[in-house]
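Residues per chain, in single letters:
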Amino acid sequence: MVDIDDLKRNRAQLIEVRDYAKAMVETVGSPMLVLNLDLQVMVANLSFYETFQVLPAQTEQHLIFELGNGEWNITKLRSLLEEILTSNTQFQNFEIEHDFRQIGHKIMLINAGKMPVLSNTQMILLAIKNITPN
């Protein structure tokens, strides 16, 4: 037998966390992602969708390394994110230079770190700055 009240409470907490994360990242003009501890995208902001020309259905609930048909599967990025998970660290100004299928060649700086725990849920905030010369 399953306690349906617990399931409803857990679902309500997850919705609360998602809405909190979404409200926070939408106020920033730079592309941002909120990841869960499995490194799945919980939320991306409008700037992310516009910059990378993707849709929420192609982004949310997907591992970051699966985005853009694996374009984000970058060994050093994977290593830095795993270090955040295991060592509670953060990183700043990690430079990525990549040819994206949708948007072409880009040079970006990425910052990431854990967010404060909300409703027993830990999240990672990832911010992206495009530094590609014009």
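Here we summarise the structure given alongside this text. Source: prediction; values computed, not measured.

Looking at unusual backbone geometry
Although it is not a glycine, glutamine 53 adopts a positive phi angle of roughly 50°. In this fold, glutamine 53 is placed in the loop between helix 2 (46-52) and helix 3 (56-59). The phi dihedral of asparagine 93 falls on the positive side, at around 55°, and the residue is not glycine. By the secondary structure assignment, asparagine 93 is in strand 3 (residues 91-100).

Examining the packing of aromatic side chains
Evaluation of the coordinates by the stated rule reveals seven aromatic pairs. Put simply, the rings of Phe48, Tyr49, Phe52, Trp72 and Phe100 touch in pairs and so form one group of aromatic residues. Sitting over the face of the ring of phenylalanine 65, arginine 78 holds its NZ or CZ atom 3.9 Å from the ring centroid.

Things to note about the side chain of asparagine 36
With respect to the helices and strands, asparagine 36 occurs in the loop between strand 1 (32-35) and strand 2 (41-44). Its relative accessible area of 15% is what places asparagine 36 among the buried residues. Within the structure, the side chain of asparagine 36 is placed 2.8 Å from the backbone nitrogen of aspartate 38, a separation counted as a polar contact.

Re the environment of asparagine 93
Taking the C-alpha atoms as reference, asparagine 93 lies 5.3 Å from isoleucine 110; in sequence the two are 17 residues apart. Each residue touching asparagine 93, except ones within four places of it in the same chain, is listed here: Leu109, Ile110 and Asn111.

Regarding the nonpolar core
Across soluble globular proteins, nonpolar side chains have a tendency to be buried as a group. Grouped together as the largest cluster of nonpolar side chains are 29 residues, with contacts concentrated most on Phe48, Ile64, Trp72 and Leu81. Secondary-structure elements contributing two or more residues to this core are strand 1, strand 2, helix 2, helix 5 (75-87), strand 3, strand 4 (104-114) and strand 5 (124-130). Core analysis: the next-biggest nonpolar cluster, separate from the first, contains five residues, Val34, Val43, Met115 and Met123 among them.

Re the sheet that holds strand 5
Taken together, the five strands give an open sheet; going across it, the order is 2-1-5-4-3, and neighbouring strands pair in antiparallel fashion. Strands with a single pairing partner mark the edges of an open sheet, and in this sheet they are strand 2 and strand 3. Along the sheet, successive strands turn relative to each other by an average axial angle of 25°, direction set aside. The sheet contact formed by strand 4 and strand 5 spans seven bridges and is antiparallel. Bridge pairing in strand 5 places lysine 114 opposite isoleucine 124.

A closer look at the environment of lysine 114
As for its placement among the helices and strands, lysine 114 is situated in strand 4. We classify lysine 114 as partly exposed; its relative accessible area is 29%. Remark: the alpha-carbon pair of lysine 114 and leucine 85, spanning 29 residues in sequence, is separated by 8.2 Å. In contact with lysine 114, other than residues within four places in its own chain, are Ile84, Leu85, Asn88, Gln122, Met123 and Ile124.

Quick look at the environment of phenylalanine 52
Tracing the sequence through the fold places phenylalanine 52 in helix 2. Between the alpha carbons of phenylalanine 52 and glutamine 102 there is a distance of 6.9 Å; along the sequence they are 50 residues apart. For phenylalanine 52, the contacting residues outside a window of four places in its chain are Pro31, Trp72, Phe100, Gln102, Ile103, Met108 and Ile128.

What counts as what
Residues numbered from 1 in each chain as written. Predicted model: local features only at pLDDT ≥ 70, side-chain atom pairs only at ≥ 80, totals over all residues. Heavy atoms only, no water. Helix = DSSP H or I, 4+ residues; strand = E, 2+ residues; numbered from the N terminus. Phe/Tyr/Trp six-rings, centres within 6.5 Å; stacked < 30°, edge-to-face > 60°. Lys NZ or Arg CZ within 6 Å of the ring centre and 35° of its normal. Buried < 20%, exposed > 50% of the residue type's maximum accessible area, 1.4 Å probe, protein only. Polar contact = N/O pair within 3.5 Å; in protein donor to acceptor, adjacent residues only side chain to side chain. Contact = heavy atoms within 4.5 Å. Core = buried A, V, L, I, M, F, W, Y, C linked by side-chain atoms within 4.5 Å. Pairing = 2+ DSSP bridges. Axes fitted to C-alpha atoms, helices over the stretch in contact; angles between N-to-C directions.

All quantities given are derived from atomic positions and should not be read as evidence of function.
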